[in-house]
Amino acid sequence: MDKIGFVGAYDKTDVILYIAKIISLIGKKVLVIDSTINQKAKYVVPVINPTKSYITNFEGMDIAVGFNNLQQIQEYLGTEDKKIDYDIILIDIDSTESIEIYDMKEANKNYFVTSFDLYSLKKGIEIIDGLNETIQLKKVLFSKYATEEEDDYLNFLSLGHKVIWESERIYFPLELGDQSTIIENQMLSKIKIRKLTNQYKKSLLYMAEEIVKPEERGKIRKVFRQLEKEV
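Residues numbered from 1 in each chain as written. Predicted model: local features only at pLDDT ≥ 70, side-chain atom pairs only at ≥ 80, totals over all residues. Heavy atoms only, no water.

(A) Seen up close, the overall build of the chain. Scanning the chain from N- to C-terminus turns up nine helices and eight strands. Expected size for 231 residues packed as a compact globule is a radius of gyration near 17 Å; at 17 Å, the chain falls within 12% of this value. Along the three orthogonal principal directions, the C-alpha set of the chain runs to about 45 × 40 × 35 Å. Every one of the 231 residues in the chain was classed for burial, and the buried ones make up 54%. The contacts in the chain between residues at least 6 apart in sequence include a share of 75% that link residues at least 24 apart. Roughly 11,600 Å² of accessible area belongs to the chain as shown, and the carbon and sulfur atoms make up 48% of that amount. Each charge class in the chain was averaged separately, 32 positive and 37 negative side chains, and the resulting centres sit 6 Å apart. (Helix = DSSP H or I, 4+ residues; strand = E, 2+ residues; numbered from the N terminus. Rg over C-alpha atoms; globule rule 2.2 N^0.38 Å. Buried < 20%, exposed > 50% of the residue type's maximum accessible area, 1.4 Å probe, protein only. Contact = heavy atoms within 4.5 Å. Areas by Shrake-Rupley, 256 points an atom, 1.4 Å probe, with all protein chains shown as cover. Lys, Arg positive; Asp, Glu negative; His and termini not counted. Charge placed at Lys NZ, Arg CZ, Asp CG, Glu CD.)

(B) Seen up close, the side chain of lysine 201. If you trace the backbone, lysine 201 turns up in helix 8 (residues 198-211). Setting aside chain neighbours within four positions, we find lysine 201 in contact with Ile193, Arg194, Leu196, Phe224 and Glu228.

(C) A nonpolar patch on the surface, seen in detail. Together, Leu118, Tyr153, Phe156 and Leu159 give the surface a local cluster of nonpolar side chains, amounting to about 430 Å² of exposed area. Structurally, the position occupied by tyrosine 153 is in helix 6 (residues 148-157). (Patch = residues over 30% accessible without salt bridge, like charges linked within 9 Å, V, L, I, M, F, W, Y side chains within 5 Å. Salt bridge = Lys/Arg side-chain N within 4 Å of Asp/Glu carboxyl O.)

(D) Representation of helix 5 (residues 118-129). Given a rise of 1.5 Å per residue, 12 residues ought to cover 16 Å, and the 16 Å separating the end C-alpha atoms of helix 5 matches this to within 8%. For helix 5, the full list of buried residues reads Ser120, Leu121, Gly124, Ile125, Ile127 and Ile128. Projected onto a plane normal to the axis of helix 5, the buried residues spread over an arc of 150° and lie on a single side. (Expected span 1.5 Å × (residues − 1). Arc of directions from axis to C-beta.)

(E) Up close: the sheet that holds strand 5 (residues 88-93). Reading across from one edge, 3-4-2-5-1-6-7-8 is the order of the eight strands in this open sheet, with mixed pairing throughout. Taken across any chain shown, the strands that pair with only one partner, and hence form the sheet edges, are strand 3 (54-58) and strand 8 (163-173). Adjacent strand axes in the sheet meet at a mean angle of 25° when their direction is disregarded. In terms of strand pairing, strand 2 (residues 30-34) meets strand 4 (residues 61-65) through four bridges, oriented parallel. Bridging across to strand 4, leucine 31 finds its partner in aspartate 62. Packed onto the sheet, helix 8 meets strand 1 (2-7), strand 5, strand 6 (109-114), strand 7 (135-143) and strand 8 and runs at close to 140° relative to strand 8. (Pairing = 2+ DSSP bridges. Axes fitted to C-alpha atoms, helices over the stretch in contact; angles between N-to-C directions.)

Structure, rendered in structure tokens:
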């Protein structure tokens with residue numbers, strides 16, 4: 001089971017769901033855990049009978065809402081004495097406590113997702129600063145212009161904090177067209193990528209390929225092309 005963290009104060013729910021959808025199309029059993037305070041997945045992922053905590057299937061993946069740790073999920077699934085039966089778990093995290101509880105220092109990969117508004121930046125750094133140990137993160141940056149000055153500012157804010165940045169960065173465009181497409185998909189209870197901007201789709205594909213094993217990346221590209229054609 002591979003465990004992938006998406007850390008930060010910025011809204012990450014939609015991008016995680018889109019990546020999970022792509023990965024599930026190659027036959028992977030994917031679980032998305034929303035461990036955030038706001039629990040956005042509870043409101044954008046359709047469910048028939050929502051309770052305080054539940055797991056629901058959506059677009060070929062499972063979404064877990066309202067759980068405090070993996071043990072609670074195991075108890076819900078009736079698998080207390082064995083590992084959770086998923087190939088990949090994607091965890092949405094916006095607190096220091098969740099990083100510790102889900103033991104994200106041992107994750108296969110951790111992303112730091114942010115835009116460049118000061119709340120997202122400073123709150124995101126605050127999450128990292130509460131850690132007992134240093135964590136390695138790859139930047140996923142939502143930006144209109146993707147300038148070096150923005151990245152330099154993030155580096156400045158993180159000086160002296162418990163983070164090692166990977167050298168590579170991933171950019172998503174802050175475009176109104178993308179947000180309109182995502183809202184339309186939410187209203188339809190669908191995940192469709194055809195109307196997203198090319199850069200948004202390129203970054204989704206890149207992250208999905210990075211999360212799976214190298215020999216599976218060709219499959220990811222194939223299903224992604226099919227997904228692009230869906231109306």
